[in-house]
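Architecture at a glance
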Amino acid sequence: MRGVRKTFPGVIAVDGVDFEVSRAEIRGLLGENGAGKTTLMKILYGMVTPDSCKIYLNGTEAHIRSPSDAISNQIGMVHQHFTLVPPLSVLENVILGLEPVSNGMLDTQKALEQLQLLCKSTGWSMDPNSPVEQLPVGLQQRVEILKALFRGAKLLILDEPTSVLTPLETRELFQTLQRLKEQGTTVIFITHKLNEAVTICDRITVMRKGKITGTLSKAEVSFDELARLMIGRPIHKTFQKNPSTSEIILLECSDLWVRGDSKKDAVRRVSLVVRSGEIVGIAGVEGNGQTELVEAIMGLRKVEQGAVRIKGNVRSNVRPLDVINSGVAHIPENRHERGLILDFIVSENTLLGFQFRNEFSTRGILSKHSILELANKIIRAFNVITPSTKTLTKNLSGGNQQKLVAGRELSRSPDLIIAAQPTRGLDLAGTEYIQSLLVQARNEGKGVLLVSADLDEVLNLSDRILVMYEGRVAGELHASEATEETIGKLMGGVHA
Ligand SMILES: Nc1ncnc2c1ncn2[C@@H]1O[C@H](COP(=O)(O)OP(=O)(O)O)[C@@H](O)[C@H]1O
Ligand SMILES: [Mg+2]
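Everything quoted here is computed from the prediction, not taken from an experiment.

Things to note about the sheet that holds strand β1 (residues 2–8)
Hydrogen bonds between backbone groups are what pair the strands of a sheet, and the pairing can be parallel or antiparallel. With respect to topology, 4 strands assemble into an open sheet ordered β2-β1-β4-β5, the strand pairing being antiparallel. At either end of the open sheet lies a strand with only one pairing partner, and these are β2 (11–17) and β5 (60–62). Mean inter-strand twist for the sheet, computed between neighbouring axes without regard to direction, equals 35°. Along the sheet, helix α1 (residues 37–44) contacts β1, β2 and β4 (52–57); its crossing angle with β1, the most-contacted strand, is approximately 115°.

Notes on the pairing of strand β11 (residues 203–208)
Bridge count for strand β3 (residues 26–30) against β11 is 4 bridges, and the pairing is parallel. Looking at the pairing, G28 lines up with I204 of β11. Relative to strand β12 (residues 211–217), β11 is paired through 6 bridges, and the arrangement is antiparallel. The partner of M207 across the bridge, within β12, is I212. The turn linking β11 back onto β12 is made up of 2 residues, and K209 within it adopts a positive phi angle of 50°.

Regarding unusual backbone geometry
You will see that N383, though not glycine, has its phi angle at about 55°, which is positive. Within the secondary structure, N383 is located in the loop between α13 (368–381) and α14 (398–410). Phi is positive for E470, close to 50°, though the residue is something other than glycine. Secondary-structure assignment places E470 in the loop between β23 (464–469) and β24 (472–478).

What to know about helix α15 (residues 428–443)
A rise of 1.5 Å per residue sets the reference length of α15, with its 16 residues, at 22 Å; its end C-alpha atoms lie 22 Å apart and thus fit the reference within 8%. Three or more residues of α15 are buried, namely G430, T431, E432, I434, Q435, L437, L438, V439, A441 and R442. Those residues of α15 that are buried are in contact with β15 (279–283), α14, β21 (416–420), β22 (447–451) and α16 (455–461). Downstream of α15 by one or two residues, G445 has phi in the positive range, about 95°.

Remarks on the site of ligand 1
Surrounding ligand 1, one finds F8, V11, A13, E32, N33, G34, A35, G36, K37, T38 and T39. Between ligand 1 and the protein, one listed contact pairs an oxygen atom with a side-chain N or O atom of T38 at 2.7 Å. For ligand 1, whose accessible area on its own is 560 Å², the fraction buried by protein is 60%. Within the residue set of the shell around ligand 1, elements represented by two or more residues are β2 and α1.

As for helix α4 (residues 108–122)
Between its first and last C-alpha atoms α4 spans 21 Å; for 15 residues at 1.5 Å apiece the expected length is 21 Å, and the two agree. Tucked into the core, α4 has its buried residues touching α3 (90–95), α5 (137–150) and α6 (167–182). One or two positions beyond α4, positive phi appears at G123, with a value near 85°.

Quick word on the pairing of strand β10 (residues 186–191)
Within β10, 6 of the 6 residues are buried, leaving the element largely enclosed by the surrounding structure. In the sheet, β3 pairs with β10 via 5 bridges, with the strands oriented parallel. When the sheet's bridge partners are listed, L30 is paired in β10 with T191. By the bridge criterion, 5 bridges tie strand β9 (residues 155–159) to β10 in an arrangement that is parallel. The residue bridging I157 from the neighbouring strand is I188, located in β10.

Re the pattern of salt bridges
Oppositely charged side chains are able to pair whenever their charged atoms sit close together. This model, assessed by the stated rule, comprises 27 salt bridges. As a salt-bridge pair, R27 and E25 come within 3.1 Å of each other at their nearest N and O atoms. Taken as a pair, R27 and E25 share a single burial class, namely buried. Its salt-bridge partner being E476, residue R464 comes within 2.7 Å of it at the nearest N-O pair. Taken together, the positions of R464 in strand β23 and E476 in strand β24 put the pair 12 residues apart, joining distant regions of the chain. Relative accessible area serves as the criterion here: at 44%, E476 is assigned to the partly exposed category. Through salt bridges with shared partners, a single ionic network connects E247, R275, E278, R464 and E476.

Calculation rules
- Residues numbered from 1 in each chain as written.
- Chains lettered and ligands numbered in written order.
- Predicted model: local features only at pLDDT ≥ 70, side-chain atom pairs only at ≥ 80, totals over all residues.
- Heavy atoms only, no water.
- Pairing = 2+ DSSP bridges.
- Helix = DSSP H or I, 4+ residues; strand = E, 2+ residues; numbered from the N terminus.
- Axes fitted to C-alpha atoms, helices over the stretch in contact; angles between N-to-C directions.
- Contact = heavy atoms within 4.5 Å.
- Expected span 1.5 Å × (residues − 1).
- Buried < 20%, exposed > 50% of the residue type's maximum accessible area, 1.4 Å probe, protein only.
- Near = heavy atom within 4 Å.
- Polar contact = N/O pair within 3.5 Å; in protein donor to acceptor, adjacent residues only side chain to side chain.
- Areas by Shrake-Rupley, 256 points an atom, 1.4 Å probe, with all protein chains shown as cover.
- Salt bridge = Lys/Arg side-chain N within 4 Å of Asp/Glu carboxyl O.

So this is what it looks like as structure tokens:
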């Protein structure tokens, strides 16, 4: 790809990039959120029209203006959000749109044989007749990859494929990529995870702010160098933590049962405690009951059996406001749904949850002056970058929205902080900042329940780690004994 440039209103997504990749190589495309990785690859796949770009395949200029152009040039792409048709079977999804025909009849037998061949070459076993909607995400991803290969892809682009996988599934994916490479397939692997890039890639290209900042081969690669290319400085990953010795229990869940949206038991007999001065991490692949657990603690979902105690008092099935008033702060998993009102201005969002306090309203009339003071205090203390307190919250970047939520919640002076996926979608600088706030709160003697699908985050921050699997606590480990391996197994339902 030569001279690639793509602007969206107000942002240069790809800024003069030259990118080349060799046959049968696994190339990492590494970068923070917003670096331009997806856009660059969508241009190659014909999904995004560039302002300028020339594409050469095997030395010849190719004109790729749509995904079907890309497919006929043997380029396939698996997106972050799948494009499968849920009620259709694996086979039907794989052949969708290009069903092989003989004598005007659909030749499913031929397609089936082809699919079985592909399963063999990838090393996956797959029931071609299972409806895709019944497969776990990890298997759905395999269907997406098989679909691309079925269309003859010799250059396979995978956009953050591991974000939906357990560590075990990730390893299996890597084995398959290795096999595909040996069979002559080229893989472009988009990720923001350094260790994944280093594990699987022959070379790694790093992007930052729309530009390529470097390409390193496996032999010369180091985490420090990658991190520098990615964010322009080395990452600080160790947090200063004083030893936690307190016996004061701030949160206790005992034998908790909670139902999910589908009325199935989502939390099954979970017991845990969070003490003053500790971060208790909950690891697990998303969808194993973490969301429902947090909602039950926060009074947002009914507790069917068991009890939630906050500082010794039973607080199950009370109003969310009662939970907050017991000294609990909540950084919700979905900041757009539960953390902020995007159509409100910044100062209104800093007030949420405080609005009943006397200092901010008298007999139902809000006090503009003290609200502004609160907003400015939070903006300053938590580095929220916003043109003004009157800016619509939806116009802030994701990182600044999250700083706003975290800042508001922490400025309540809570004893207990329930932080769910607190750094999701943030870039490294934003992530570090939010993480440092949680560690600081812990060091001040607050208790933190950290629910995160990001294993590195859980390992870096937690004093103790619980792993949830299918609604239960599959295991509990002290930070000192926890490794990716042990947690990964528990996350994938394998008993250590
Ligand atoms: N369809 C779009 N409309 C407007 N802006 C976009 C669109 N797609 C991407 N962007 C912007 O382009 C930049 C690069 O995004 P993207 O390629 O998705 O980065 P990455 O995949 O590295 O996270 C970001 O600032 C993003 O907000
Ligand atoms: Mg992307």
